[in-house]
Amino acid sequence: MSAEYRFKIVMLGDGAVGKTALTVRFTQQHFQSDYKRTIGSDFAIKKVEMPERDATVTLQVWDLAGQPRFEVVRQGFYRGARGGLLVYDVTRRRTFLNIKNWKDECFKNLGREIPLIVVANKVDLEESRVVTTEEGKEWAEKHDHIYVESSALTGKNVEDAYTNLCEVMVESVQVD
Ligand code: G3D
Ligand code: MG
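Below, the structure is looked at part by part. Values in this document were obtained by computation on a predicted structure and should not be read as measured data.

**Observations concerning the pattern of salt bridges**
With the rule as written, the count across this model stands at eight salt bridges. Across the salt bridge formed by glutamate 167 and arginine 53, the nearest N and O atoms sit 2.7 Å from each other. Within this pair, whereas glutamate 167 is found in helix H7 (residues 158-175), its partner arginine 53 is found in the loop between strand E2 (41-50) and strand E3 (55-64), the two being separated by 114 residues in sequence. For arginine 53, the salt bridge goes to glutamate 171, with nearest N and O atoms at 2.6 Å. Within this pair, whereas arginine 53 is found in the loop between E2 and E3, its partner glutamate 171 is found in helix H7, the two being separated by 118 residues in sequence. Given the relative accessible area of 42%, glutamate 171 is considered partly exposed.

**Description of the site of ligand 1**
Around ligand 1, the surrounding shell holds 15 residues, and the nearest of these are Ala16, Thr20, Ala21, Asp124 and Ala152. Here an oxygen atom of ligand 1 sits 2.8 Å away from a polar atom, N or O, in the side chain of lysine 19. In the environment of ligand 1, an oxygen atom lies 3.4 Å from a nitrogen or oxygen atom belonging to the backbone of leucine 153. For ligand 1, whose accessible area on its own is 650 Å², the fraction buried by protein is 60%. Here the shell around ligand 1 gets three residues from one element, more than from any other, and that element is helix H1 (residues 19-27). A breakdown of the residues in the shell around ligand 1 according to their chemical character gives six nonpolar, five polar and four charged.

**Section: the packing of aromatic side chains**
The final tally for this structure, using the stated rule, is five aromatic pairs. Note on phenylalanine 26 and tyrosine 162: the rings are 4.0 Å apart at their centroids and 5 degrees apart in plane angle, and the pair reads as stacked. Placement of phenylalanine 26 in helix H1 and of tyrosine 162 in helix H7 is noted, with a sequence separation of 136 residues between them. Of the two residues, phenylalanine 26 and tyrosine 162, both sit in the buried class. With a centroid separation of 4.8 Å and an interplanar angle of 50 degrees, the aromatic rings of tyrosine 88 and phenylalanine 96 are classed as tilted. Residues tyrosine 88 and phenylalanine 96 agree in their burial class; the two are buried. Stacked on the ring of tryptophan 62, the Lys or Arg lysine 8 has its end atom at 3.8 Å from the ring centre.

**Some remarks on the nonpolar core**
Counting residues in each nonpolar core, the largest one holds 27 residues, and the members touching the most others are Leu12, Leu86, Tyr88 and Val118. Of all the secondary-structure elements, those providing two or more residues to this core are strand E1 (3-12), E3, helix H3 (71-78), strand E4 (81-89), helix H5 (99-110), strand E5 (116-121) and helix H6 (133-142). In terms of residues, this core owes the most to one element, H5, which gives five residues. Core analysis: the second largest hydrophobic core is formed by 26 residues, Ile9, Met50, Val57 and Val148 among them.

**Observations regarding the side chain of lysine 19**
Here lysine 19 shows up in helix H1. Buried charge without a salt bridge: lysine 19, with aspartate 63 as the nearest opposite-charge side chain at an N-O distance of 5.2 Å. Within the structure, the side chain of lysine 19 is placed 3.0 Å from the backbone oxygen of glycine 13, a separation counted as a polar contact.

Rules behind the numbers
Residues numbered from 1 in each chain as written. Chains lettered and ligands numbered in written order. Predicted model: local features only at pLDDT ≥ 70, side-chain atom pairs only at ≥ 80, totals over all residues. Heavy atoms only, no water. Salt bridge = Lys/Arg side-chain N within 4 Å of Asp/Glu carboxyl O. Helix = DSSP H or I, 4+ residues; strand = E, 2+ residues; numbered from the N terminus. Buried < 20%, exposed > 50% of the residue type's maximum accessible area, 1.4 Å probe, protein only. Near = heavy atom within 4 Å. Polar contact = N/O pair within 3.5 Å; in protein donor to acceptor, adjacent residues only side chain to side chain. Areas by Shrake-Rupley, 256 points an atom, 1.4 Å probe, with all protein chains shown as cover. Nonpolar A, V, L, I, M, F, W, Y, C, P; charged D, E, K, R; others polar. Phe/Tyr/Trp six-rings, centres within 6.5 Å; stacked < 30°, edge-to-face > 60°. Lys NZ or Arg CZ within 6 Å of the ring centre and 35° of its normal. Core = buried A, V, L, I, M, F, W, Y, C linked by side-chain atoms within 4.5 Å. Lys, Arg positive; Asp, Glu negative; His and termini not counted.

Now the structure itself:
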């Protein structure tokens, strides 16, 4: 019997780091559900096959549009999330420094911790890169996160970011 999981995950990170670009690239979808757009978040669906685990994961990928002012919007965004991608832009140091705040806000809203993957995005922009691989990796390892370098533009490692998260989420269910 193969296992089926459904997980809501959240895209975390500052504006313009590539959260939407990564999600669109991964799901090959344009965002659905207009009524959610009005409250500032959207989601896309993607089925991930995990043959080694004999499992199928249906991901509901939530993406917060901008920085909604209303706390209630953010609560709805986080509610029920089982994992997330902490995304920063390797060409802007501030976005790297801010992933800690996104992580804190996420755990505070949920009242518990969930698996998060650190995603260093825009690695195609080599000339303007300011956050090194070593720095990103060191922070991720220190805080027990898997580290992935991606480019939503070229598609590099985009799938890896999400499938790594699936692995960790499935594992955490099996431990529970
Ligand atoms: P957000 O959803 O986190 O706010 P977006 O970010 O996905 O809207 O991306 C912001 C801008 O960065 C977009 O450019 C997008 O095309 C670009 N971008 C996203 N990922 C990458 C990447 O990996 N490499 C490069 N070079 N650019 C990327 P525009 O010009 O459309 O605003
Ligand atoms: Mg966006």
